[in-house]
Amino acid sequence: IRSIDDFAALPETMQAEWYEWVVAQEISRRLAIKGEEILLPLAFWQNAQHEIDFVTSQEEFIEVKRGSASALEFGWFYKQFPEKKLTVINSKSIDTRFLQGITLEDFLLTEG
């Protein structure tokens, strides 16, 4: 990939993999700044029906979506983790008691 046009020409599934890679790199960068161990694989959470892409050592739950997401598709998260908040990196803003939706750009520009 040498240009934005090259990226845009990729299938959506491959673009989604790049989004997850960028988020993984940013999580690792933030951990390094804090002096935390980053050589271990980044954690994720999964059960038989659902998964969360990243779970940090501070128990931050982060899901990455290439397109838009809605709070309805993550209603299960509140039942599974009633005291936690899920950050969904996607193409639109969402703010509920258990879910924060932010764009990839906003995620990269905020302090971790």
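Residues numbered from 1 in each chain as written. Predicted model: local features only at pLDDT ≥ 70, side-chain atom pairs only at ≥ 80, totals over all residues. Heavy atoms only, no water.

J.: Sorry if this is basic, but what is going on with the pattern of salt bridges here?
T.: Two side chains of opposite charge can pair, provided their charged atoms sit close to one another. All chains considered together, the criterion is met by five salt bridges. Measuring nitrogen to oxygen at the nearest pair gives 2.8 Å for the salt bridge that ties Arg29 to Glu26. Linking Arg29 with Glu26, this pair stays in helix α2 (residues 12-34), spanning three residues, or about one helical turn. Taking the relative accessible area as the measure of exposure, Arg29 reaches 43% and is therefore partly exposed. Given the relative accessible area of 8%, Glu26 is considered buried. Put simply, Lys84 and Glu59 hold a salt bridge, and the shortest N to O gap is 2.6 Å. One end of the pair, Lys84, is in the loop between α3 (75-80) and β4 (86-89); the other, Glu59, is in the loop between β2 (51-55) and β3 (61-64), with 25 residues separating them in the sequence. For Lys84, a relative accessible area of 29% gives the class partly exposed. Counted as one network, the salt bridges with shared partners bring together Glu26, Arg29 and Arg30. (Salt bridge = Lys/Arg side-chain N within 4 Å of Asp/Glu carboxyl O. Helix = DSSP H or I, 4+ residues; strand = E, 2+ residues; numbered from the N terminus. Buried < 20%, exposed > 50% of the residue type's maximum accessible area, 1.4 Å probe, protein only.)

J.: What should I look at first to understand the pairing of strand β6 (residues 99-102) in this one?
T.: In regular strands, side chains alternate between the two faces of the sheet. Alignment of β4 against β6, held across four bridges, turns out to be parallel. From the neighbouring strand, Ile89 faces β6, where its bridge partner is Ile102. Sheet analysis places strand β5 (residues 94-95) next to β6, joined by two bridges and oriented antiparallel. Across the sheet, Ile94 pairs through a bridge with Gly101, a residue of β6. Between β5 and β6, which pair antiparallel and follow one another directly, the connecting turn spans three residues. (Pairing = 2+ DSSP bridges.)

Treat this as a map of the structure, not an account of what it does.
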